[in-house]
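# Tertiary structure, described
Take a look at the letters that make up each chain.
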Amino acid sequence: MWVQNGDPGTGYLPRRVDLSAYIEATTPPNSHRYIARWSNMILLENVVKRYEMGPVSVTALDGVNLEVSRGEFVVILGPSGSGKSTLLNMVSALDTPTSGRVVVNGQDLSRAGQAEKFKFRRETIGFIFQTFNLFPTLTAVENVQFAVDVRGRSQANGQAATVLEKVGLTARMNHFPHELSGGEQQRVAIARALATGNPLLLADEPTGELDFQTGIQILTLLAAQAATGKTVLVVTHNREISRIADRVVELSSGHIENDGPPRGGKAAISDLHW
Ligand SMILES: Nc1ncnc2c1ncn2[C@@H]1O[C@H](COP(=O)(O)OP(=O)(O)O)[C@@H](O)[C@H]1O
Ligand SMILES: [Mg+2]
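Residues numbered from 1 in each chain as written. Chains lettered and ligands numbered in written order. Predicted model: local features only at pLDDT ≥ 70, side-chain atom pairs only at ≥ 80, totals over all residues.

So, on to the site of ligand 1. Close contacts around ligand 1 come from Tyr-51, Met-53, Val-58, Ala-60, Gly-78, Ser-80, Gly-81, Ser-82, Gly-83, Lys-84, Ser-85 and Thr-86, and that covers them all. Elements with a contribution of two residues or more to the shell around ligand 1: β3 (40-53), β4 (56-69) and α3 (84-91). Among the elements that take part in the shell around ligand 1, α3 stands out by supplying three residues, more than any other. Class assignment for the residues of the shell around ligand 1 results in four nonpolar, seven polar and one charged. (Near = placed C-beta within 6 Å. Helix = DSSP H or I, 4+ residues; strand = E, 2+ residues; numbered from the N terminus. Nonpolar A, V, L, I, M, F, W, Y, C, P; charged D, E, K, R; others polar.)

Looking now at the sheet that holds strand β5 (residues 73-77). Reading across from one edge, β8-β9-β10-β5-β11-β12 is the order of the six strands in this open sheet, with mixed pairing throughout. Looking at which strands have only one partner, the edges of the open sheet turn out to be β8 (125-128) and β12 (255-260). The sheet shows a mean angle of 15° between the axes of neighbouring strands, direction not considered. Bridge analysis of strand β11 (residues 247-252) against β12 gives five bridges, and the strand direction is antiparallel. (Pairing = 2+ DSSP bridges. Axes fitted to C-alpha atoms, helices over the stretch in contact; angles between N-to-C directions.)

Pairing in this open sheet of four strands is antiparallel, and the strands run β4-β3-β6-β7 from one edge to the other. Here the strands that pair on one side only, and so sit at the sheet edges, are β4 and β7 (107-108). Bridge count between β3 and strand β6 (residues 99-104): five bridges; the pairing is antiparallel. Pairing of Leu-44 across the sheet is with Val-102, part of β6. Strand contacts of α3: β3, β4 and β6, with the helix running at about 120° to β3, the strand carrying the most contacts. (Contact = placed C-beta atoms within 7 Å.)

None of the figures reported here should be taken as evidence of function without further support.
Okay, structure coming up:
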């Protein structure tokens, strides 16, 4: 909840004051207001992102408003160039909006400095890239262990080997990325994101490089994470994939064109074809 401060001329005071800390302190945990506040993992308010390249300006996001609750499994669907990756970059604080507000896990990223953004990414985000981004000179288990070490062993979600077991890669633990198939590499990347124990998983076209069967395995893993209470955002240009989400946010030229359950209702993973 936000109120205008009413005195924007004071220079050092924020123009708007966040009352959420006050509300948290004064609202009993079982009330609706408390639940509404804490169920919200992502809030984008009128987010605009423009890339200026000399005389040319590209508007990648053009006034995006989006709220995602904790534990939601959301597919961001849109054609190439519609702003999907830009949106993930805003949510993960890898990039800054030209205007608008981004609040993730209760933290206003529009006001965060570099150090806070590093901390935010380390403690909140698990990012799964289309091209896996594994360290080529580290084995599968070392790639996952690296994330555990960065996160801090006490906070991390178990041992690297245990997490690799969850994604079915125990037998491949000591292999290097180039010795693994695309699907196996993507499973290592997912294990790496899970090993942090972080609450928000962002996946940018995670099945883009994979064949159908392997893609299904990856989606199953991600959907299972949402079922354990993680918030999962999967970006894709493939409408078929969006059928298994609770919610599909359709982007077109930087706008949200549709936001709701998949057309024709939610499908089981076994019903997908692509
Ligand atoms: N770093 C950048 N510099 C300039 N233009 C960019 C940059 N990143 C993305 N764009 C442009 O912004 C638009 C949205 O890009 P992007 O978010 O990557 O789309 P998507 O992931 O849906 O394919 C595209 O027109 C793209 O060319
Ligand atoms: Mg993209």
